[in-house]
Amino acid sequence: MVARRGLCAAAVVVSSATAAVTAGVVVAGEDAPARSAVRGAPVAAPVAALAGSLAGKVVVIDPGHNGLNHRHPKIINRKVKAGPFRKACDTTGTSTNSGYTEAAYTFDVATRLAKALRAKGAKVVLTRPSNKGVGPCIDERAAIANRLRADVALSVHADGAPSGRRGFHVITPGYVKGYTGPIVKPSQRLAYDVRYAFRKGTGQPYADYIGRNGIDVRKDLGGLNMSKVPKVFIECGNMRNRTDAAKMRSAAWRQRAADALAAGLNTYLRR
């Protein structure tokens with residue numbers, strides 16, 4: 001996701017208009033071979049095993065964008081409700097300079113995260129079954145978590161900022177009258193839990209180009225505005241930055257990122 005361009009992402013059920021092109025399963029990690037740890041990167045603390053059980057908890061994980069969005073501009077450019085305004089259904093997302101896409105990265109991390117949470121007993125629903133489809137739209141991405149009355153929803157992204165900038169940030173909803181009021185405070189708590197765990201577990205620094213201390217508040221994202229359950233986005237790094245891109249292309253680092261996100265969600269859900 002490119003900073004401040006208002007890209008759409010959030011929790012969802014695939015609509016009938018896009019179901020035909022969302023079939024298929026991609027093997028997590030096949031888009032980018034594993035690489036060794038990034039030289040000179042900060043050493044992250046080992047991720048501890050998740051404490052306790054998450055039985056009875058419902059978690060919706062949204063891997064941002066989709067692998068074939070770029071082939072279906074009419075579908076993803078269609079305007080949908082995004083709060084008190086309308087926005088494009090979805091976007092293509094960004095990529096590293098070498099061509100590793102945000103859509104591939106987010107699906108890989110999301111599937112790893114789902115596995116970790118299911119191992120603790122949580123019911124986990126992903127918003128798309130593969131990286132070989134298109135959509136869903138941002139309003140549908142929020143709708144699935146709403147219909148499930150999920151305890152929490154997390155949208156996984158990577159940014160496309162200027163190449164000289166790097167780091168991660170968590171996006172939490174601002175107050176939008178008639179929409180986000182009930183979820184603002186719990187989403188803030190979720191944002192702090194995810195931020196702490198992600199930095200501790202990955203060694204990734206806070207973004208040096210947006211937000212404050214790894215937290216950004218936004219009112220323009222349909223995936224947040226249309227949510228009725230606590231929800232945040234995480235931009236795991238800047239795909240246009242050489243250091244961040246090398247990390248995100250590493251299967252070992254993606255596993256660490258997933259484990260860190262699982263730890264953050266576990267902290268929030270067990271309060």
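Everything quoted here is computed from the prediction, not taken from an experiment. (Residues numbered from 1 in each chain as written. Predicted model: local features only at pLDDT ≥ 70, side-chain atom pairs only at ≥ 80, totals over all residues. Heavy atoms only, no water.)

(A) View of the nonpolar core. Counting 44 residues, the largest nonpolar core has Ile61, Tyr105 and Leu117 as its most contacted members. Elements that contribute at least two residues to this core include exactly strand S1 (58-63), helix H3 (102-119), strand S4 (123-126), strand S5 (152-159), helix H5 (184-202), strand S8 (231-238) and helix H8 (251-269). It is H8 that contributes the most residues to this core, 10 residues altogether. Sequence-distant contacts of tyrosine 105, that is, excluding residues within four places in its chain, are made with Tyr100, His157, Ala158, Cys236, Met239, Met248, Trp253, Arg254 and Ala257. Formed by eight residues, the second largest nonpolar core is a distinct cluster that contains Val58, Val60, Val125 and Ala153. (Core = buried A, V, L, I, M, F, W, Y, C linked by side-chain atoms within 4.5 Å. Buried < 20%, exposed > 50% of the residue type's maximum accessible area, 1.4 Å probe, protein only. Helix = DSSP H or I, 4+ residues; strand = E, 2+ residues; numbered from the N terminus. Contact = heavy atoms within 4.5 Å.)

(B) Inspection of the packing of H5 against H8 at higher detail. Between H5 and H8, whose axes approach to 8 Å, the crossing angle comes to 145°. H5 and H8 meet at a crossing whose hand is right-handed. Two secondary-structure elements touch here, H5 through Pro186, Arg189, Leu190, Asp193, Val194, Ala197, Phe198, Gly201 and Thr202 and H8 through Trp253, Arg256, Ala257, Ala260, Leu261, Ala263, Gly264, Leu265, Thr267 and Tyr268. (Axes fitted to C-alpha atoms, helices over the stretch in contact; angles between N-to-C directions. Left-handed = near helix turned anticlockwise from the far one by under 90°.)

(C) How the structure looks around the pattern of salt bridges. In the structure shown here, the tally under the stated rule is eight salt bridges. A salt bridge links aspartate 244 to arginine 166, with the nearest nitrogen and oxygen atoms 2.9 Å apart. Here the residue aspartate 244 occupies a position in helix H7 (residues 242-248), and arginine 166 occupies one in the loop between S5 and strand S6 (169-173), the gap between them amounting to 78 residues. In this pair, the class of aspartate 244 matches that of arginine 166, namely buried. Residues aspartate 220 and arginine 218 are paired through a salt bridge, measuring 2.8 Å at the closest nitrogen-oxygen approach. Owing to a relative accessible area of 24%, aspartate 220 belongs among the partly exposed residues under this scheme. Judged by its relative accessible area of 2%, arginine 218 is buried. (Salt bridge = Lys/Arg side-chain N within 4 Å of Asp/Glu carboxyl O.)

(D) How the structure looks around the environment of threonine 111. Its place among the elements puts threonine 111 in helix H3. A relative accessible area of 23% means that threonine 111 is categorised as partly exposed. Linking threonine 111 and aspartate 62, residues 49 residues apart in sequence, is a C-alpha distance of 9.9 Å.

(E) Inspection of the pairing of strand S7 (residues 215-218) at higher detail. Strand direction decides the pairing type here: S6 and S7, joined by four bridges, are parallel. Its bridge partner being in S7, isoleucine 171 is matched across the sheet by aspartate 216. Remark: the S6/H5/S7 crossover connection has right-handed handedness. (Pairing = 2+ DSSP bridges. Right-handed = clockwise from strand over helix to strand, strands pointing away.)

(F) Geometry of the packing of H3 against H8. At a minimum axis distance of 8 Å, the contact between H3 and H8 shows a crossing angle of 50°. Classed by the angle they form, the pair H3 and H8 counts as oblique. Read as a crossing pair, H3 and H8 show a hand that is right-handed. Contact residues: Tyr105, Asp108, Val109, Arg112, Leu113, Ala116 and Leu117 in H3; Ala251, Trp253, Arg254, Gln255, Ala257, Ala258, Leu261, Ala262 and Leu265 in H8. Across the contact of H3 with H8, the residue classes tally to 12 nonpolar, one polar and three charged. (Parallel < 35°, antiparallel > 145°, perpendicular 65-115°, else oblique. Nonpolar A, V, L, I, M, F, W, Y, C, P; charged D, E, K, R; others polar.)

(G) Molecular detail of the environment of proline 84. Positionally, proline 84 belongs in the loop between strand S2 (79-81) and strand S3 (86-88). Overall, proline 84 belongs to the exposed group, its relative accessible area being 53%. Excluding residues that lie within four positions of it along the chain, proline 84 makes contacts with Val176 and Tyr179.

It is worth stressing that arrangement in space is one thing and function is another; only the former is reported here.
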